[in-house]
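Residue strings, one per chain:
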Amino acid sequence: MAASKSAAAPAAPAAAAKPGHNQETVTLIENSTGKKIELPVIGGTIGPKVIDIRKLYAQLGYFTYDPGFTSTGSCQSAITYIDGDEGVLLHRGYAIEDLAENSDFMEVCYLLLHGELPNPAQKAEFTKAITYHTMVHEQLQYLYRGFRRDAHPMAIMVGVVGALSAFYHDSTDINDPHQRMIASHRMIAKMPTIAAMAFKYSMGQPFVYPRNDLDYAANFLRMCFAVPCEEYKVSPVLAKAMDRIFILHADHEQNASTSTVRLSGSSGANPFACIAAGIASLWGPAHGGANEAVLKMLRTIGSKDKIPEYIKRAKNKDDSFRLMGFGHRVYKNYDPRAAVMRKSCHEVLDELGVKNEPLLELAMELERIALEDDYFVSKKLFPNVDFYSGIILQAMGFPTSMFTVLFALARTVGWVAQWNEMIEDPQQKIGRPRQLYNGATKRAYVPVTKRK
Ligand code: SDX
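One structure accompanies this document, and this report is about it. (Residues numbered from 1 in each chain as written. Predicted model: local features only at pLDDT ≥ 70, side-chain atom pairs only at ≥ 80, totals over all residues. Heavy atoms only, no water.)

### Structural notes on the site of the ligand
The immediate surroundings of the ligand are formed by 24 residues, with His252, His328, Arg329, Arg337 and Arg411 found nearest. Contacts to the ligand include His287, whose side-chain N or O atom sits 3.0 Å from an oxygen atom. Lys379 is positioned such that a nitrogen or oxygen atom in its side chain is 2.8 Å from an oxygen atom of the ligand. For the ligand, whose free accessible area comes to 1100 Å², the fraction covered by protein is 77%. (Near = heavy atom within 4 Å. Polar contact = N/O pair within 3.5 Å; in protein donor to acceptor, adjacent residues only side chain to side chain. Areas by Shrake-Rupley, 256 points an atom, 1.4 Å probe, with all protein chains shown as cover.)

### Remarks on helix H12 (residues 290-301)
Relative to the 16 Å expected for 12 residues at 1.5 Å per residue, H12 spans 16 Å between its end C-alpha atoms, a close match to the ideal helical length. Of all 12 residues that make up H12, 9 are buried, and the element is covered over most of its length. Of all the positions in H12, only Ala290, Asn291, Glu292, Ala293, Val294, Leu295, Met297, Leu298 and Ile301 are classed as buried. Looking at the buried positions of H12, the neighbouring elements they touch are helix H13 (307-315), helix H15 (358-370), helix H17 (386-395) and helix H18 (403-424). (Helix = DSSP H or I, 4+ residues; strand = E, 2+ residues; numbered from the N terminus. Expected span 1.5 Å × (residues − 1). Buried < 20%, exposed > 50% of the residue type's maximum accessible area, 1.4 Å probe, protein only. Contact = heavy atoms within 4.5 Å.)

### Here we look at the pairing of strand E2 (residues 35-42)
Examined bridge by bridge, strand E1 (residues 25-30) and E2 share 6 bridges and lie antiparallel to one another. Residue Val26 lies in a different strand from E2, and its bridge partner there is Leu39. Between E1 and E2, which pair antiparallel and follow one another directly, the connecting turn spans 4 residues, one of which, Gly34, has a positive phi of 80°. Two strands pair when backbone bridges link them, and E2 and strand E3 (residues 50-51) are joined in this way by 2 bridges, in the antiparallel orientation. Considered in E3, the bridge of Ile42 is made with Val50. (Pairing = 2+ DSSP bridges.)

### A closer look at the sheet that holds E3
The strands making up a sheet are joined through hydrogen bonds of the backbone, oriented either antiparallel or parallel. Strand order across the open sheet formed by 3 strands is E1-E2-E3, with antiparallel pairing between neighbours. On the outer flanks of this sheet lie E1 and E3, each paired with one strand and no other.

### A few points about the nonpolar core
In this structure, Phe220, Met242, Leu323, Met396 and Phe398 are the most contacted members of the largest nonpolar core, which totals 121 residues. Once you skip the residues sitting within four places of it in the chain, Met396 turns out to touch Leu221, Phe225, Leu238, Met242, Ile245, Val348 and Leu352. (Core = buried A, V, L, I, M, F, W, Y, C linked by side-chain atoms within 4.5 Å.)

### Things to note about the pattern of salt bridges
Taken as a whole, this structure holds 19 salt bridges when the rule is applied. One salt-bridge network, in which partners are shared between bridges, spans Glu101, Arg244, Lys343 and Glu347. (Salt bridge = Lys/Arg side-chain N within 4 Å of Asp/Glu carboxyl O.)

### Describing the packing of helix H11 (residues 271-282) against H18
Think of two packed helices as two axes; the pair is described by the angle between the axes and how far apart they sit. Put simply, H11 and H18 touch, their axes get as near as 10 Å, and they point 135° apart. The pairing of H11 with H18 is recorded here as oblique in orientation. For the element pair H11 and H18, the recorded crossing hand is right-handed. Residue-level inspection shows Pro271, Cys274, Ile275, Gly278, Ile279 and Leu282 of H11 in contact with H18, the latter providing Thr404, Phe407, Ala408, Trp415, Val416 and Trp419. By residue class, the composition of the contact of H11 with H18 is 10 nonpolar, 2 polar and no charged. (Axes fitted to C-alpha atoms, helices over the stretch in contact; angles between N-to-C directions. Parallel < 35°, antiparallel > 145°, perpendicular 65-115°, else oblique. Left-handed = near helix turned anticlockwise from the far one by under 90°. Nonpolar A, V, L, I, M, F, W, Y, C, P; charged D, E, K, R; others polar.)

### Some points on the packing of H15 against H17
Contact geometry for H15 and H17: axes closest at 10 Å, N-to-C directions at 175°. Relative to H17, the element H15 lies roughly antiparallel. On H17, the residues touching Leu359, Leu360, Ala363, Met364, Leu366 and Glu367 of H15 are Phe387, Tyr388, Ile391 and Gln394. Grouping the amino acids of the contact of H15 with H17 by side-chain chemistry returns 8 nonpolar, 1 polar and 1 charged.

### Some words on the sheet that holds strand E4 (residues 80-83)
Spatially, 3 strands are ordered E4-E5-E6 in an open sheet, and the strand pairing comes out antiparallel. Edge positions in the sheet fall to E4 and strand E6 (94-95), since each of these pairs with one other strand and no more. Alignment of strand E5 (residues 88-91) against E6, held across 2 bridges, turns out to be antiparallel. Bridge pairing in E6 links Leu90 to Ala95.

### Topic: the packing of aromatic side chains
By convention here, two paired aromatic rings are described through the distance between centres and the angle between planes. Counting across every chain of the model gives 18 aromatic pairs. Considering the side-chain rings of Phe326 and Phe376, the 6.0 Å spacing of their centres and the 65° angle between planes classify their relative orientation as edge-to-face. Taken together, the residues Phe326 in the loop between H13 and helix H14 (336-351) and Phe376 in helix H16 (residues 374-378) connect sequence positions 50 residues apart. Residue Phe326 is classed as buried on the basis of its relative accessible area of 11%. Taking the ring centre of Tyr132 as reference, the NZ or CZ of Lys128 above it sits at 5.4 Å. Directly above the aromatic system of Tyr201 lies the positively charged group of Arg149, at a separation of 4.1 Å from the ring centroid. (Phe/Tyr/Trp six-rings, centres within 6.5 Å; stacked < 30°, edge-to-face > 60°. Lys NZ or Arg CZ within 6 Å of the ring centre and 35° of its normal.)

### Quick word on helix H6 (residues 153-163)
Pro153, Met154, Ile156, Met157, Val160, Val161 and Ala163 are the residues of H6 that are buried. Of the surrounding elements, those touching the buried residues of H6 are helix H5 (141-144), helix H7 (177-203), H11 and H18.

### Points about the environment of Phe105
Mapped onto the secondary structure, Phe105 falls in helix H3 (residues 105-114). Those residues in contact with Phe105, other than ones at most four positions away along the chain, are Tyr216, Asp243, Phe246, Ile247, Ala250, Ala410 and Val413.

### A word on the pairing of E4
Residues Thr80 and Ile82 of E4 are buried on one face, while the alternating residues Tyr81 and Asp83, pointing to the opposite face, are not. A loop of 4 residues connects E4 with E5, the two strands running antiparallel in sequence, and Gly87 in this loop sits at a positive phi of about 70°.

### Considerations on the environment of Arg92
Checked against the element boundaries, Arg92 lands in the loop between E5 and E6. Residues Arg92 and His114, 22 residues apart in the sequence, show an inter-C-alpha distance of 9.4 Å. Within the structure, Arg92 has its side chain in polar contact with the backbone oxygen of Ala78 (distance 3.5 Å). Of the polar contacts made by the side chain of Arg92, one reaches the backbone oxygen of Leu112; its length is 2.6 Å.

### Considerations on the state of the cysteines
Counting across every chain of the model gives 0 disulfides. Between Cys75, a cysteine without a disulfide, and Cys274, which holds the nearest cysteine sulfur, the sulfur-to-sulfur distance is 15 Å. Residue Cys224 stays outside any disulfide, its sulfur separated by 16 Å from that of Cys229, the closest cysteine. (Disulfide = S-S within 2.5 Å.)

Such coordinate-based values are descriptive only and should not be taken to indicate function.
Encoded structure:
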């Protein structure tokens, strides 16, 4: 598909906060020598301030140590803000609940990429640009035929998205804002098509081409569920629910997969390779793979009378079992997305005429019991975005193997927005963490003939 000519440049990066005069500082004192240094403190618009440690090693000869980055900011960003204690999630200042209730995914994509909600003309132009990039190169379909039919769709997504850089060389110059936006539009537009093709391939059904007269979510549902033998009419309620699920998964600050995309992009890798790296990271059950793991967990628990046994296992340090869909690195309150997801659950099941869905009943009882249990309350383990999403997706006709694919589809806009912001940030450089070395000290080589 010809690259769109009307791509607006990505949002201008917020003025990066940096140390200045009458600078706030913290003092670090090396007790063994009494040596002390001043480290600048930088504040953002909301949320915790940061201690700028960029000169720490040069001034004091120490690295910091923070596996998992629980207390480490990797960048400055103006895209998403999370207050984990209050259960707040803002995209460019707009609360996720407001966006889920009043907006649609195309608007949220524009907002994440450009920093403001679009006016009617901007929205129409952006939606058209995305719509006219939804087809994939006709040869891409032959890539699918190299996979076994029972290949996990996420394996196909990693492979096919990574291969896009072999098809779209005209949008891989990361220093050209116009090419970056074309690549961003291509990623957002083509992910539903690529995801639907992975689903169709796994079922042995023919691929379905996108339609330009359908909106983003409806187009995706039709590419997944239509067959050549009959007309497929998309349910407006299911399309709205799909669109809302995309909004809830669009971006989430510096989570594992977004950090993977940023780190890959910091070396200058092309956008398609960076997004493929993000998909690989999202696949993990501790991250985006949790929605698939929640359904498997609920099926394993099977009935309400088994819940106490599994709650006990989840609390047992020697047992690897965890309550999937519970807990979060940042949220120490109810994940606001989970609340919206639970509400959507009831709407979708009602629309589908599904009464007393056993998995939903089981999930709600599990949530009730867990949130009364001191272990979960004291550790602030609440349901997260993945706890209810699988129940909706299953009711819509998706197999569990497609759940994380849908998460990746929706998160693509967040990944490309963060990737653009990283490239435009004057303070960013190639990501290259250091380490605390605890291996062997220097020793002489011993020829094999002299080894015991
Ligand atoms: C996503 O980062 C993001 O923003 C991610 C995400 C996004 O939109 O990008 O929000 C999407 O990935 C949501 C999370 C989906 N993952 C799961 O639901 C998997 C189950 N949850 C856990 O694996 C865990 O809660 C994490 C991975 C989500 C968070 O892990 P942390 O922050 O490293 O916390 P931790 O593992 O250190 O747990 C803290 C304590 C531990 O006990 P102690 O060692 O302190 O005694 O809580 C316990 C854990 O054992 N714990 C759980 C638990 N989660 C944490 N115990 C039982 N069941 C759980 N689910």
